[in-house]
Amino acid sequence: MGSTELADALMRAARGLRRGWHAGLEPSGLSPHQARALHVLGGGRGRHSARSGDAADGMRISELAAALRIAPRSATEVVDGLAEKGLAERGPDLADRRAVVVRLTDAGTATLAHADRARAEAAAELFGRLDETERADLTRMLRRLAD
């Protein structure tokens, strides 16, 4: 298999994973961007996390934008959508009262749990086609490519 065919296969697999995740998010009415923002605001670690502080302290829009790798204006729109749904709220930064931070509401925390389950179910469905050794090999190879 050539590099182009490999790239196409990887992209098809990634699209399948995204489709499954998006379908799992539909009952909650979340967009993928909103689900990713909930994950970051909820203290999620990994490539989306921009800070190491306590998630209850909140996060500035600029930090959220950096964590999501989007423009601050786009992050504001995502937060506006979350706030309209009652999943996030803006409030004063306890360390700098001139600044505003975004925090998850209780409903946001519950919805985050649903979004995380939807993501895990989509991954289990896709990767369940592989046996344990194949999953370990694929993980190792993808990490090598990502480094």
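Structure: above.
Just so we're clear, the structure is a prediction, and the values are computed from it rather than from any experiment.

Criteria and cut-off values
- Residues numbered from 1 in each chain as written.
- Predicted model: local features only at pLDDT ≥ 70, side-chain atom pairs only at ≥ 80, totals over all residues.
- Heavy atoms only, no water.
- Helix = DSSP H or I, 4+ residues; strand = E, 2+ residues; numbered from the N terminus.
- Buried < 20%, exposed > 50% of the residue type's maximum accessible area, 1.4 Å probe, protein only.
- Contact = heavy atoms within 4.5 Å.
- Lys, Arg positive; Asp, Glu negative; His and termini not counted.
- Charge placed at Lys NZ, Arg CZ, Asp CG, Glu CD.
- Pairing = 2+ DSSP bridges.
- 1 Å grid on protein atoms, 1.4 Å probe; cavity = no way out; pocket = protein on both sides within 12 Å on 5 of 7 lines; lining within 4 Å.
- Points joined across faces, edges and corners; volume = space filled by probe spheres on them.
- Core = buried A, V, L, I, M, F, W, Y, C linked by side-chain atoms within 4.5 Å.
- Expected span 1.5 Å × (residues − 1).
- Arc of directions from axis to C-beta.
- Axes fitted to C-alpha atoms, helices over the stretch in contact; angles between N-to-C directions.
- Parallel < 35°, antiparallel > 145°, perpendicular 65-115°, else oblique.
- Left-handed = near helix turned anticlockwise from the far one by under 90°.
- Nonpolar A, V, L, I, M, F, W, Y, C, P; charged D, E, K, R; others polar.

Enquirer: Tell me about the overall build of the protein, and name the residues and values.
Expert: Tallying secondary structure elements over the protein gives 6 helices and 2 strands in all. Secondary structure elements of the protein, listed N to C terminal, follow the sequence α-α-α-α-β-β-α-α. On the principal axes, the C-alpha backbone points of the protein span a range of 55 × 35 × 25 Å. Out of the 147 residues in the protein, the part that is buried amounts to 29%. When contacts within the protein are restricted to residue pairs at least 6 apart in sequence, those whose partners lie at least 24 apart make up 45%. One way to put it: in the protein the 23 positive side-chain charges average out to a point 3 Å from where the 21 negative ones average out.

Enquirer: An account of the pairing of strand β1 (residues 88-93) is needed here, citing residue identities and associated values.
Expert: Where β1 and strand β2 (residues 96-104) come together, 6 bridges link them in antiparallel fashion. Along β2, the bridge assignment pairs P92 with V100. Between the end of β1 and the start of β2, which pair antiparallel, lie 2 residues.

Enquirer: Which residues make up the side chain of T105, and what values go with them?
Expert: The topology assignment puts T105 in the loop between β2 and α5 (106-127). The contact partners of T105, leaving out residues within four places of it in the chain, are G86, L87, A88 and E89.

Enquirer: Any details on the layout of surface pockets? Residues and values, ideally.
Expert: Empty pockets left among the atoms are what a rolling probe the size of a water molecule brings to light. Considering only enclosed or pocket space, the second largest pocket measures out at about 250 Å³ in volume. Lining the second largest pocket, in full, are M1, L6, A9, L10, A13, L138, M141, L142, R144 and L145. For the lining of the second largest pocket, the elements supplying multiple residues, two or more each, are α1 (3-25) and α6 (132-146). A per-element tally of the lining of the second largest pocket places α6 first, with 5 residues.

Enquirer: Quick one: what's the story with the nonpolar core, residue by residue and with numbers?
Expert: Grouped together as the largest cluster of nonpolar side chains are 26 residues, with contacts concentrated most on L25, L30, L38, L41, L64 and L82. Elements that contribute at least two residues to this core include exactly α1, α2 (32-41), α3 (61-68), α4 (72-84), β2 and α5. Other than its neighbours up to four places away in sequence, L64 contacts A37, V40, L41, M59 and V79.

Enquirer: Describe in detail α4, supporting the description with residues and values.
Expert: Taking 1.5 Å of rise per residue, the 13 residues of α4 would be expected to cover 18 Å, and the 18 Å separating its terminal C-alpha atoms lies within 8% of that figure. Every buried residue belonging to α4 is among A75, V78, V79, G81 and L82, and all of these are buried. The buried residues of α4 all sit within an arc of 155° when viewed along its axis, so they share a single face. For α4, the exposed residues lying more than 90 degrees away from the buried face are R73 and E84.

Enquirer: Outline the packing of α1 against α5, listing residues and values.
Expert: If you want to describe how two helices pack, look at the angle between their axes and the distance between the axes. Remark: α1 packs on α5, axes separated minimally by 8 Å, with the N-to-C direction vectors making an angle of 140°. Classified by the angle their axes make, α1 and α5 are oblique. Both α1 and α5 take part in a crossing whose hand is right-handed. Every residue of α5 that contacts α1 at A13, L17, G20, W21, G24 and L25 is listed here: H114, A115, A118, R119, A122, A123, L126 and F127.

Enquirer: Describe in detail the packing of α2 against α3, supporting the description with residues and values.
Expert: The geometry of α2 relative to α3 is characterised by a closest axis approach of 10 Å and an angle of 115° between their N-to-C directions. Seen from above, α2 lies across α3 with right-handed handedness. From α2, R36, A37, V40 and L41 reach across to α3, where they touch L64, A67 and L68. Across the contact of α2 with α3, the residue classes tally to 6 nonpolar, no polar and 1 charged.

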